[in-house]
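Given next are the chains, with one letter for each unit.
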Amino acid sequence: MAAPLELFCWKGSWGLPSVDTGSLIVLAYARFAGTPLKVHKISNPWRSPTGSLPALKTKEDGSFSQPSKIIIQLRKQKYNADYDLSAKEGADTLAFISLVEEKLMPALIYALWIDPKNYAEVTRRWHAENISFPLNFVLPSCMQSRQLERVRLMRGNGTLEAGEEAEKELYSDALECMNLLSQRLGSNRFFFGDSPSSLDAYVFGHLAPILKIRLPSNKLQQHLKDMDNLTNFCSNILSLYFPDEIREGMGQSASNVQEGSEFDHEPYKRRKQLLSVLVAVAAMLGYAFLTGIVAIEHVKEKGSTGNTASTDLQIEEDE
Amino acid sequence: MSLAAEAFVSQIAAAEPWPENATLYQPLREDQILLSDCASSLAVQAYLRMLGLPVRVRCRANAEYMSPSGKVPFIHVGNQVVSELGPIMQFTRAKGHSLSDSLDDVQRAEMKAYMELVNNMLLTAELYIQWCYQNTAAEITRPRYSSPYSWPLNHILAYQKQWEVRRKMNAIGWAGKSLEQVYEDVSQCCQALSQRLGTQPFFFNKQPTELDALVFGHLFTILTTRLTTDELSEKIKSFSNLLSFCRRIEQAYFESQDRDSQSGALDYSKGPSLM
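This one's a predicted model, so the numbers in the text were calculated from it and none came from an experiment.

J.: I'm lost on the overall build of chain B in this one. Help?
T.: The number of helices and strands found in chain B is twelve helices and four strands. Residue burial in chain B is summarised as follows: out of 275 residues, 40% are buried. A fraction of 73% describes how many contacts in chain B between residues 6 or more apart in sequence connect residues 24 or more apart.

This is the structure we're talking about:
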């Protein structure tokens, strides 16, 4: 009990404590319940003890990866944000978590990973910039195909592709879900009165990325911004429970703006240049090995001088 | 139903009244239908009966392939074909039939949330127990699912379906769960439903809603279906208010209506009765 729990999660950006919904849920729940955690914000899922993020490392029971399991573990350690809820409120929590997972999550995945423009300009770029060198070429597309597979299986539609029809279908569910959440929240500060519970963590984990990540095609964000109570709900949690991240996020975006767009991708550009030089050198070396240099090595083994031996061979063949 | 056609359909649907010869299609009741499909089918039947819309049930071995979305049940009304409870609810609402008009906004939000709870936990648990628990899959699910087909198609189709369900479980993080954990989830879900129901006759006071139809469809089917073990139905039996809720809906919408109508025997399609 004395040893602090360790939490591994995706690092943050855009003024969010983390860019990943699962990590956000766990972080928010831990703050709500007042859990002392040693948080490792990383951008390489292979460095987490379970191979995926978020992950909770405990001394006694090993490591856990799914948000629901992590919350159960935190509860076992007596950090329970749902302690004050009545039985009926507990039932409502389960129901609304299901609603969010079935209706809102597929649309969020679509917006971040499947919509081609958003994926290329925001999601893939962020991951390519933040994941360390050789992995950043492989991991984003792996993650994308996993997310696409997930949405397809969740919707029971094996041929779901990025396109108008899929977008319309997923977004109409998501907009309805946001309306329902907004109606349920009403003018309350949190879903069940004045103190936050696990439902608040789930809703926050799904809404905060929609609200904060600036996507080129942002229908979900537009709709969410129309609902004042949900927007206030998110910014309330951010300012009350994650004051540090907001300040960092402000600093980041301010400095980005100051630098301007030309210098924005300077490190990225350098790396690209370096990489293209490396590729070119490798190609040239490969070509050289395949043609000329092989012959010289061959001759060296024989122990005679290169030029004469090769010409001898040629002459023999000609004859 | 594709969304592009939806606006068009709802316009037409609103114009036409509910016909007498509406038909609901499901797989063969005796030898083929699975627990999860039976539950969905019963939910749709209960929903239509609560609205007082007549529907004739037909069993077809290839119902799954007849359905526009590949899922059963589906209804054939006039010249429209609509599958699954969600779209059917939209379809009937377009015709002016709805059970949830009297609810306020918060209640409607809660109703939708609890319906997702049933889909998310009960339906997934049914699928898990059917396809991912070895005993049930080998003894009941695969033989029943493939009963209309001859060798080798029966094996191919059954294993294909099993593979598909397992991939789904993987994607939603249920693959690592043990059977005990799944039973635990079912218990938790029933606990929530039981809490919400309390001592009321229906989930939202005196009038039945879509949620009542859905919950009845699933619980009643679980209670009346024999699996390799009856642990699943035992989980539900420990909640007495849910049991009497099922009994109440069965009496109000299945037994009495069947007694009244002339063609009762034809329409009676829910299978064995409770108690």
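J.: Where do I start with the interface of chain B and chain A in this structure?
T.: Accessible area lost when the parts come together is the quantity often used to give the size of an interface. Taken together, the contact between chain B and chain A spans 25 residues of the former and 24 residues of the latter. By residue class, the composition of the side of chain B that touches chain A is eleven nonpolar, six polar and eight charged.

J.: When you look at the environment of A:Val39 in this model, what are you seeing that I'm missing?
T.: Residue and element names in this part refer to chain A. Within the secondary structure, Val39 is located in strand β2 (residues 37-42). Given 18 C-beta atoms within 10 Å, Val39 falls into the partly exposed group. Here Val39 is in contact with Leu7 and Cys9, once residues within four sequence places are set aside.

J.: Teacher, can you tell me more about the UniProt feature "domain: Metaxin glutathione S-transferase" (unreviewed entry) in chain B here?
T.: Using the residue numbers shown here, the UniProt feature "domain: Metaxin glutathione S-transferase" (unreviewed entry) corresponds to residues 187-249 of chain B. End C-alpha atoms of residues 187-249 of chain B are separated by 21 Å, and the span's content is 68% helix alongside 0% strand.

J.: Just checking my understanding: could you explain helix α2 (residues 35-51) of chain B for this structure?
T.: All names here are of chain B. Under the 1.5 Å per step criterion, the end-to-end length of α2 is 24 Å for 17 residues, consistent within 8% with the ideal 24 Å. Most of α2 is tucked away: 16 of the 17 residues are buried. Just downstream of α2, Gly52 is the residue with a positive phi angle, here 75°.

J.: I keep staring at the pairing of strand β4 (residues 80-83) of chain B and nothing clicks. Help me out?
T.: Every regular strand shows the same layout, with side chains that alternate between the two sheet faces. Residue and element names in this part refer to chain B. In this structure, strand β3 (residues 74-77) lies alongside β4, joined through four bridges in antiparallel fashion. Paired with Phe74 across the two strands is Ser83, which belongs to β4. Between β3 and the antiparallel strand that follows it, β4, lie two residues; Gly78 among them carries a positive phi value of about 60°.

J.: Help me out: how do you make sense of the nonpolar core in this one?
T.: As a rule of thumb, soluble globular proteins bury nonpolar side chains together. The biggest cluster of nonpolar side chains holds 140 residues, and the ones touching the most others in it are A:Tyr29 and B:Ala43. The biggest single contributor to this core is helix α3 (residues 87-114) of chain A, with 17 residues. Inspection of this core shows a minimum of three residues originating in each of domain 1 (3-95) and domain 2 (105-262) of chain B. Setting aside residues up to four positions removed in sequence, A:Tyr29 forms contacts with A:Ile71, A:Leu74, A:Ala81, A:Ser198 and A:Ala201.

J.: Honestly, the domain arrangement of chain B in this entry has me stumped. Any pointers?
T.: Residue and element names in this part refer to chain B. Once the domains are mapped, chain B shows domain 1 (3-95) and domain 2 (105-262). One C-alpha centre belongs to domain 1, the other to domain 2; they are set 19 Å apart. With 17 residues of domain 1 in contact, the opposing surface of domain 2 contributes 22 residues. Counting residues per element, the ones that place at least two in the side of domain 1 that touches domain 2 are α2 and α4 (85-94). Broken down by element, the side of domain 1 that touches domain 2 gets its largest block of residues, eleven residues, from α2. Taken together, the residues that form the side of domain 1 that touches domain 2 break down as twelve nonpolar, three polar and two charged.

J.: What am I meant to see in the confidence of the model for chain A here?
T.: Segments scoring low in pLDDT should not have their predicted coordinates read at a detailed level. Residues and elements named next belong to chain A. In this model, chain A carries an average pLDDT of 82, and 83% of its residues clear a pLDDT of 70 or more. Helix α7 (residues 198-212) holds the highest mean pLDDT among the elements of chain A, 92, whereas helix α12 (residues 306-318) holds the lowest, 47. Across residues 254-265, where pLDDT falls below 50, the model places two contacts with residues more than four positions away in sequence or in other chains. Predicted confidence for residues 308-319 stays below pLDDT 50, and this span has five contacts to residues more than four positions away or in other chains.

J.: Teacher, can you tell me more about the packing of α3(A) against helix α8 (residues 179-197) of chain B here?
T.: When two helices pack together, their arrangement is captured by the angle between the axes and the distance separating the axes. Here α3(A) crosses α8(B) at 125°, and the two axes come no closer than 8 Å. Relative to α8(B), α3(A) is oriented oblique. Handedness of the crossing formed by α3(A) with α8(B): left-handed. Taking contact as the criterion, the partners of A:Ala87, A:Lys88, A:Ala91, A:Leu94 and A:Ala95 in α3(A) are, on α8(B), B:Gln188, B:Ala192, B:Gln195 and B:Arg196. Split into classes, the residues belonging to the contact of α3(A) with α8(B) amount to five nonpolar, two polar and two charged.

J.: What exactly am I supposed to notice about the pairing of strand β1 (residues 23-26) of chain B here?
T.: Residue and element names in this part refer to chain B. Sheet topology note: the β1/strand β2 (residues 56-59) ladder contains four bridges and is parallel. Across the sheet, the residue bridging to Thr23 is Arg56, located in β2. The sheet contact formed by β1 and β3 spans three bridges and is antiparallel. Looking at the pairing, Thr23 lines up with His76 of β3.

J.: When you look at the packing of α7(A) against helix α8 (residues 219-226) of chain A in this model, what are you seeing that I'm missing?
T.: Residues and elements named next belong to chain A. Taken N-terminus to C-terminus, the directions of α7 and α8 make an angle of 105°; their axes are 8 Å apart at the nearest point. With respect to α8, the element α7 is oriented roughly perpendicular. Mapping the contact onto sequence places Leu207, Ile210 and Leu211 in α7 and Leu220, Gln221 and Leu224 in α8. Classifying every residue of the contact of α7 with α8 by side-chain character gives five nonpolar, one polar and no charged.

J.: What am I meant to see in unusual backbone geometry here?
T.: Excluding glycine, residues mostly carry a negative phi; peptide bonds, for their part, are mostly trans. Going from A:Leu53 to A:Pro54, the amide bond is cis rather than trans, its omega being -5°. Within the secondary structure, A:Pro54 sits in the loop between β2 and β3 (55-58). Backbone torsion omega between B:Val72 and B:Pro73 reads 0°, so that peptide bond is classified as cis. Mapped onto the elements, B:Pro73 comes out in the loop between α3 (63-66) and β3. Positioned with a positive phi, A:Trp14 is a non-glycine residue whose angle comes to about 50°. Considering the arrangement of structural elements, one finds A:Trp14 in the loop between β1 (5-10) and α1 (21-33). On the basis of neighbour counts, which here come to 16 C-beta atoms within 10 Å, the residue A:Trp14 falls in the partly exposed class. Unlike most non-glycine residues, B:Glu84 shows phi in positive territory, near 70°. Relative to the helices and strands, B:Glu84 resides in the loop between β4 and α4. Residue classification places B:Glu84 among the buried positions, given that 20 C-beta atoms sit within 10 Å.

Definitions and cut-offs
- Residues numbered from 1 in each chain as written.
- Chains lettered and ligands numbered in written order.
- Predicted model: local features only at pLDDT ≥ 70, side-chain atom pairs only at ≥ 80, totals over all residues.
- Helix = DSSP H or I, 4+ residues; strand = E, 2+ residues; numbered from the N terminus.
- Buried ≥ 20, exposed ≤ 12 C-beta atoms within 10 Å, placed from the backbone.
- Contact = placed C-beta atoms within 7 Å.
- Nonpolar A, V, L, I, M, F, W, Y, C, P; charged D, E, K, R; others polar.
- UniProt positions renumbered as here; feature names shortened; annotations may be inferred.
- Expected span 1.5 Å × (residues − 1).
- Pairing = 2+ DSSP bridges.
- Core = buried A, V, L, I, M, F, W, Y, C linked by C-beta atoms within 7 Å.
- Domains from an automatic or database assignment.
- pLDDT = per-residue confidence, 0-100.
- Axes fitted to C-alpha atoms, helices over the stretch in contact; angles between N-to-C directions.
- Parallel < 35°, antiparallel > 145°, perpendicular 65-115°, else oblique.
- Left-handed = near helix turned anticlockwise from the far one by under 90°.

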